[in-house]
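# Inside the fold
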Amino acid sequence: MKWYADRLGRLARQVVADLLAVAWVWFWVTVALAAREVVLALRAPGDGLTRAGGGLRDTFADAAAKARDVPLVGGKLGEALDRGRDAGGTLVDAGNTQIEAVETGALWLTIALIAVPVAFLLVTWLPLRVRYARRAAAVQRLRDTGRHDLLALQALNSLPLRELARFDTDPADGWRRHDERVIERLAARQLAVYGVRSRPGWVSTPT
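An account of the accompanying structure is given in this report. Everything numeric here is computed off the predicted structure, so don't read it as measured data.

### Overview of helix 4 (residues 125-144)
The first and last C-alpha atoms of helix 4 sit 28 Å apart over 20 residues, in line with the 28 Å expected at 1.5 Å per residue. Lining the buried residues of helix 4 we find helix 1 (8-40), helix 5 (148-158) and helix 8 (180-193). Positive phi appears at Gly146, one or two residues downstream of helix 4, with a value of about 75°.

Shown next as C-alpha cells:
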C-alpha cells in the first residue's frame, strides 16, 4: 500500500493529519494517567483503615497471648482480647475492600479515557488513511504497468463534470477513439487526485 502522496500539497496535509492523530492519542493518554493518579489518591482512607486495623489486630493478638499466661482467668481474658483482634482484622478487610474498589475504578477510568478516543480514530481517521493507501497503490500500479486506458476510464467515471468540461474535446469520445493525448491527460488527472506523480512527458496537471 502507498501511505503518502508524491505531490507536496497532499503529502503535507497527510503528514499534518497523521501528526494530529498521534497528538490526539498522546493527549488522551496523558489525561488518562493524570485522572488515574487523582482517583488513586482516594485510596488514602482505605490505607488508613488497613494500617489502623493491622495495628489494632497485632496489639490485641499480643495482649491475648500474654493474657493466657495469667493463672485462673487467663483463658477467659485471652478470649475477650481475641475479639479485639478480630475487630482489627475486620478493619483491615474493610480497608482492603476500599483500596481494591478505588484501584478498580482507576483502572477502568484509565481504559475508558484511552479506549474511547482511540476507537474514534479507528472509525474516522484510520479508514480514510487505509482507503487512500489502497487506492493510491492501485493507481500507481496501473501507471507502472502502462494501463493508462484504465486510469483514464477511472477519471471519466469519478472526476466531477467541471473537471471534464476543461477538455477541449469530448474526453469520453477521445477515450473511445484511443486518443493518446486525451488518455494521458485523463490518466494524469486521475493520478493527481491521489497525489501520485505522472510519468515524464505526460500532459502536466495541477497539484
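Additional details are given in the paragraphs that follow.
### Section: the layout of surface pockets
Volume-wise, the largest pocket comes out at about 210 Å³. As for the largest pocket, its lining consists of Arg10, Gln14, Ala17, Trp125, Leu128, Arg129, Arg131, Tyr132, Arg135 and Tyr194. Of all elements in the fold, only helix 1 and helix 4 reach the threshold of two or more residues within the lining of the largest pocket. With 6 residues, helix 4 is the single largest residue contributor to the lining of the largest pocket. Of the residues that constitute the lining of the largest pocket, the class distribution is 5 nonpolar, 1 polar and 4 charged.

### A word on the nonpolar core
Ala5, Tyr132, Ala136, Val139, Leu142, Leu151, Ala187, Leu191, Tyr194 and Val196 together form the largest nonpolar core, which totals 10 residues. Listing elements by their share of this core, those giving two or more residues are helix 4 and helix 8. Of all hydrophobic cores here, the second largest spans 9 residues; its members include Leu156, Leu164, Phe167 and Val182.

### Describing unusual backbone geometry
Phi is positive for His178, close to 60°, though the residue is something other than glycine. With respect to the secondary-structure elements, His178 resides in the loop between helix 7 (171-176) and helix 8. A relative accessible area of 62% means that His178 is categorised as exposed.

### A closer look at helix 1
Along an α-helix, residues three or four apart share an orientation, since each turn contains 3.6 residues. Here helix 1 contains 33 residues, and its C-alpha end-to-end distance of 48 Å stays within 8% of the 48 Å for a straight helix at 1.5 Å per residue. Considered for burial, the residues of helix 1 that qualify are Gln14, Asp18, Ala21, Ala32, Ala35, Val39 and Leu40.

### Brief notes about the packing of aromatic side chains
Tallying each qualifying case throughout the model produces 4 aromatic pairs. An angle of 65° between the planes, with centres 5.9 Å apart, marks the rings of Trp24 and Trp28 as edge-to-face. Taken as a pair, Trp24 and Trp28 lie in helix 1 at a separation of 4 residues, close to a single helical turn. Residue Trp24 is classed as partly exposed on the basis of its relative accessible area of 33%. With a centroid separation of 5.3 Å and an interplanar angle of 80°, the aromatic rings of Phe27 and Trp28 are classed as edge-to-face. Owing to a relative accessible area of 24%, Trp28 belongs among the partly exposed residues under this scheme. Seen from the ring of Tyr4, Arg129 lies directly overhead, with NZ or CZ sitting 5.0 Å from the centre. Above the ring of Phe167, the side-chain terminus of Arg185 is found at 4.3 Å from the ring centroid.

Cut-offs applied
Residues numbered from 1 in each chain as written. Predicted model: local features only at pLDDT ≥ 70, side-chain atom pairs only at ≥ 80, totals over all residues. Heavy atoms only, no water. Helix = DSSP H or I, 4+ residues; strand = E, 2+ residues; numbered from the N terminus. Expected span 1.5 Å × (residues − 1). Contact = heavy atoms within 4.5 Å. 1 Å grid on protein atoms, 1.4 Å probe; cavity = no way out; pocket = protein on both sides within 12 Å on 5 of 7 lines; lining within 4 Å. Points joined across faces, edges and corners; volume = space filled by probe spheres on them. Nonpolar A, V, L, I, M, F, W, Y, C, P; charged D, E, K, R; others polar. Core = buried A, V, L, I, M, F, W, Y, C linked by side-chain atoms within 4.5 Å. Buried < 20%, exposed > 50% of the residue type's maximum accessible area, 1.4 Å probe, protein only. Phe/Tyr/Trp six-rings, centres within 6.5 Å; stacked < 30°, edge-to-face > 60°. Lys NZ or Arg CZ within 6 Å of the ring centre and 35° of its normal.

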